[in-house]
Amino acid sequence: MKKFIAVVLCMLMVLTVFAACKDEPKEQSETTGEPGQSGIQKDSIGLFNVDLKEYITVGEYKNIKISSENEAFVEIVKYERETDLKNAGYGEQVEITSGTVREGDTANITYVGTLNGVAFEGGTNTTGHDLVIGSGSFIDGFEDGLIGKKIGDTVKLNLTFPENYGNEELNGKDVVFTVSIKKVTRTEYPEKITNDMAKRMGYKDAEEFDASVFVRAVQTYCHETVAEKAKVIKTPEEDLEFFVDLEMANYEQIATAYGVTLETYFGTDVESVRAELREYYKGLLPYYMTLYYIAQQENLIPKATDIDAKLAELAAEQSTSSNQVTVEQLKENVDYKQVEYIIVYDKVRQFLFENADVE
């Protein structure tokens, strides 16, 4: 689930503000190949403009079996449902004093970190710290180590600091954290959705809301299943750099808004951050590449007419009564590859849904 959530970040980024960098779309040719064969567009400047069979091995992506008893699928349904409810403001914060810690909880904890049996500087909190489980705020293993533990218990976590943690005394060192879980705050959502609630979330009624959740859950489950079984043969360096550049451009906009340099915003040199982002997106490549692999095999790569239609749709969404955004403005300011990615993402996920074997 964590991996999949990260996959869509770049797609969402394009709609908030005009992109900082862009590629001018060239005249596109029709897709090549017959149905079921590679549909790579010649002269395309889009993402993964190579024969992905040379870059990744992908297993069967049709007839993926899904059962309502599948725990992973049930969790995805829950996530899709709660995301809509959260965005509409239907979540209620509830204090939990019994039971176990779950991902997404805010756990109030105290802790003592020791190195060779001695407490180290900065590793102790006795007043209580609110930690969102799954936020990645603490070192690897800390938050995961609390999931499933009873509220009120004290647990010992045997962990290792990263080699590049930034503290010579702790870099790569094995430590023990003794953590007391005082209480948990959890967001709870209504079990029953009324038609009025569904309308507030943009749906016709509760039935349409449930149907949308189901479709998205099937799409997500299928995509994750395919991506997790895929094996990258070699890295498409140009495409990897695209995702890193996109993330860096987003950070640069944030830094500019704060009136600081990227170095000041990061608190370290830009190249080291870029190197970390490369590794991060390298781990996500199977998720991006499987989308385009399927698009190539099933002739779902967008044509120029698809791009124009999506730009018109985005222009309408971005426009307000006082500010009309035109397609021409989008073409000048939005990266072509991002628009293409949105279309591929939607088309392939719909294809996976239509070809899933759902009980």
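This is a predicted model, so every value here is computed, not measured.

Draft legend 1. Structural view of the overall build of the protein. Within the protein, the secondary structure is distributed over eleven helices and nine strands. Put simply, the protein has 359 residues, and 44% of those count as buried. Across the protein, contacts joining residues at least 24 apart in sequence account for 74% of those joining residues at least 6 apart. Per element, the accessible surface of the protein, about 19400 Å² overall, is 48% carbon and sulfur.

Draft legend 2. Structural detail: the pattern of salt bridges. In this structure the tally under the stated criterion is 14 salt bridges. Put simply, K331 and D308 hold a salt bridge, and the shortest N to O gap is 3.7 Å. With K331 in helix α10 (residues 327-333) and D308 in helix α9 (residues 304-318), this residue pair connects regions lying 23 residues apart in the sequence. Residues joined by salt bridges that share partners form a network here, namely E237, E241, D245, R274 and R278.

Draft legend 3. Representation of the pairing of strand β5 (residues 118-132) in the model. Pairing between strand β4 (residues 106-115) and β5: eight bridges, direction antiparallel. Within β5, the residue paired with A107 across the bridge is L131. With antiparallel pairing between neighbouring strands as the criterion, β4 and β5 make up a hairpin whose turn holds two residues, including N116 at a positive phi of roughly 55°.

Draft legend 4. The arrangement of a nonpolar patch on the surface in detail. The grouping of Y258, V260 and Y265 at the surface amounts to a nonpolar patch, some 300 Å² of accessible area in total. Here Y265 lies in helix α7 (residues 262-266). Looking at Y265, the relative accessible area reads 32%, which means it is partly exposed.

Draft legend 5. Quick peek at the nonpolar core. Counting residues in each nonpolar core, the largest one holds 50 residues, and the members touching the most others are F48 and Y292. Broken down by secondary-structure element, the contributors of at least two residues to this core are α3 (71-87), α5 (206-229), α6 (237-258), α7, α8 (270-297) and α11 (336-354). Take this core: its biggest share by element is 14 residues, from α8. Sequence-distant contacts of Y292, that is, excluding residues within four places in its chain, are made with L47, F48, L52, I301, E340, Y341 and V344.

Draft legend 6. Region of interest: α5. Helix length check: α5, at 24 residues, gives a terminal C-alpha distance of 35 Å against a target of 34 Å (1.5 Å per residue), a fit within 8%. A side-chain oxygen of the first residue of α5 lies 3.2 Å from the backbone nitrogen of E207; this N-cap is D205.

Draft legend 7. The side chain of E143, seen in detail. Mapped onto the secondary structure, E143 falls in the loop between β5 and β6 (154-160). Apart from residues no more than four positions distant in its own chain, E143 is found in contact with L131, V132, I133, G134, S135, G136, S137 and F138.

Draft legend 8. Broad picture of α9. Its 15 residues place the ends of α9 21 Å apart at the C-alpha level, agreeing with the 21 Å of an ideal helix rising 1.5 Å per residue. Turning to α9, its buried residues number three or more, namely I307, K310, L311, L314 and A315. All buried residues of α9 project into a common sector of 140° when viewed along the axis, lining one side. Turned more than 90 degrees away from the buried face of α9 sit T305 and A316, all of them exposed.

Draft legend 9. Broad picture of the environment of T268. Along the chain, T268 turns up in the loop between α7 and α8. Of the residues examined, T268 reaches a relative accessible area of 32% and is grouped as partly exposed. Discounting chain neighbours no more than four positions away, the residues touching T268 are E263 and V273. Side-chain polar atoms of T268 contact the side chain of D269, separated by 3.4 Å. A distance of 3.5 Å separates a polar atom in the side chain of T268 from a polar atom in the side chain of S272.

Draft legend 10. How the structure looks around the packing of aromatic side chains. Taken as a whole and judged by the stated rule, the model has 26 aromatic pairs. Ring geometry for Y251 against Y265: centres 6.1 Å apart, planes inclined by 45°, an arrangement best described as tilted. With Y251 in helix α6 and Y265 in helix α7, this pair connects stretches of sequence that are 14 residues apart. With centroids separated by 5.2 Å and ring planes inclined at 80°, the aromatic side chains of Y251 and F266 adopt a geometry described as edge-to-face. On the criterion of sequence distance, the pair formed by Y251 in helix α6 and F266 in helix α7 is long-range, its members being 15 residues apart. A relative accessible area of 22% means that Y251 is categorised as partly exposed. Linked through ring pairs, Y111, F120, F138, F142, F161, Y165 and F177 together constitute an aromatic cluster. Between the NZ or CZ atom of R200 and the centre of the ring of Y90, over which it lies, the distance is 4.9 Å.

What counts, and where the lines are drawn
Residues numbered from 1 in each chain as written. Predicted model: local features only at pLDDT ≥ 70, side-chain atom pairs only at ≥ 80, totals over all residues. Heavy atoms only, no water. Helix = DSSP H or I, 4+ residues; strand = E, 2+ residues; numbered from the N terminus. Buried < 20%, exposed > 50% of the residue type's maximum accessible area, 1.4 Å probe, protein only. Contact = heavy atoms within 4.5 Å. Areas by Shrake-Rupley, 256 points an atom, 1.4 Å probe, with all protein chains shown as cover. Salt bridge = Lys/Arg side-chain N within 4 Å of Asp/Glu carboxyl O. Pairing = 2+ DSSP bridges. Patch = residues over 30% accessible without salt bridge, like charges linked within 9 Å, V, L, I, M, F, W, Y side chains within 5 Å. Core = buried A, V, L, I, M, F, W, Y, C linked by side-chain atoms within 4.5 Å. Expected span 1.5 Å × (residues − 1). Polar contact = N/O pair within 3.5 Å; in protein donor to acceptor, adjacent residues only side chain to side chain. Arc of directions from axis to C-beta. Phe/Tyr/Trp six-rings, centres within 6.5 Å; stacked < 30°, edge-to-face > 60°. Lys NZ or Arg CZ within 6 Å of the ring centre and 35° of its normal.

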